[in-house]
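Residues per chain are reported as follows:
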Amino acid sequence: MKDRNRYLPVVLLMLITMAICMGCARNADPEESVTVIFDGQWNDENGNKILFLPDEAAYVLETPGGRIGKGAYAAENGQIGFNRFIYDLNVQDDGSISLRRNGSPANEEENLNGAVFRQAEQPDIELYEIESLAGSWRNDQGAHLTLDIDAMEYKWNSELGAGAGTLFDEFDGRGLLMALDDEGSAIVLRRDGTMIIETEEPGFKGTVFSRE
C-alpha cells in the first residue's frame, strides 16, 4: 500500500503532462492541416490560364496559343500534374499562386516553373471534349487528316505520302497529342472551329486544318 501511494504522485504528474500535450496537439492540428482549395480561373502574365475543378480533382490549362488540356489537381495536397511533373501551388502574400516544379526536366521541355497566377475576374476558357475533334480535316497545303477518337488513332495523306498513328492524352495538362514525333505533337482546336498542330513535322507545321 505504501509503495502504491509512493508512486501515485508520479503517475498523476505523467497523466497531467500527457493531457497538456494532447491539448496542445489538438490546438495545433487545425493550423497545420489547413489546405487552400482553389476554384475558378486564374491567369498568368504570359497568357496561360488555369481553371480549377476541385470537385473533379482536375484542372484545365489553356496556353497562349489556344491549346487546351486537362490534368490532375490534388486539392488536399495543393498540387497539380503538368507535363509528367508535379507542381506545388504556393500562395503568395498578395493572394497570387506561384508554381514550383518538383524535378528538373530538360531545358527544352514545356514547363510552368515559377509562373505566377492571379484570379481572373471574368473566366473565358471554353471547354470542349476531345470527341468533338473526331472526323476528317484538310489543311491549306492539301493534307488530309482523319481523327478516330474512339480508337485513339489517326490517318493522313498528302503529296508527301501517307501514314497512320496513335492519339493519346496523358491527363497532364497538355491536351490531345499525336504520335508524330518523339514527344508527341499537340492538337489545338481554335475558337473559330479550325485546328492547328503544334509540331515541327513538314506538311503539318504552321498550317491550319478545317473541316472537310
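These lines cover the structure that appears in this document, whether it is placed above or below.

## A look at the packing of aromatic side chains
Evaluated as defined, the whole model comprises six aromatic pairs. An angle of 35° between the planes, with centres 5.5 Å apart, marks the rings of Phe-38 and Phe-52 as tilted. Here Phe-38 is found in the loop between helix 1 (2–32) and strand 1 (40–44), whereas its partner Phe-52 is found in strand 2 (residues 49–53), with 14 residues between them in sequence. Neither Phe-38 nor Phe-52 differs from the other in exposure class; each is buried. Pairing Phe-52 with Tyr-73 gives two aromatic rings, centres 5.0 Å apart and planes at 55°, and the pair type is tilted. On the criterion of sequence distance, the pair formed by Phe-52 in strand 2 and Tyr-73 in strand 4 (residues 68–74) is long-range, its members being 21 residues apart.

## Here's the deal with unusual backbone geometry
The phi torsion at Arg-84 lies on the positive side, around 70°, for a residue other than glycine. Here Arg-84 shows up in the loop between strand 5 (79–82) and strand 6 (85–91). Even without being glycine, Met-152 reaches a positive phi, approximately 55°.

Reading guide: rules and limits
- Residues numbered from 1 in each chain as written.
- Predicted model: local features only at pLDDT ≥ 70, side-chain atom pairs only at ≥ 80, totals over all residues.
- Heavy atoms only, no water.
- Phe/Tyr/Trp six-rings, centres within 6.5 Å; stacked < 30°, edge-to-face > 60°.
- Helix = DSSP H or I, 4+ residues; strand = E, 2+ residues; numbered from the N terminus.
- Buried < 20%, exposed > 50% of the residue type's maximum accessible area, 1.4 Å probe, protein only.

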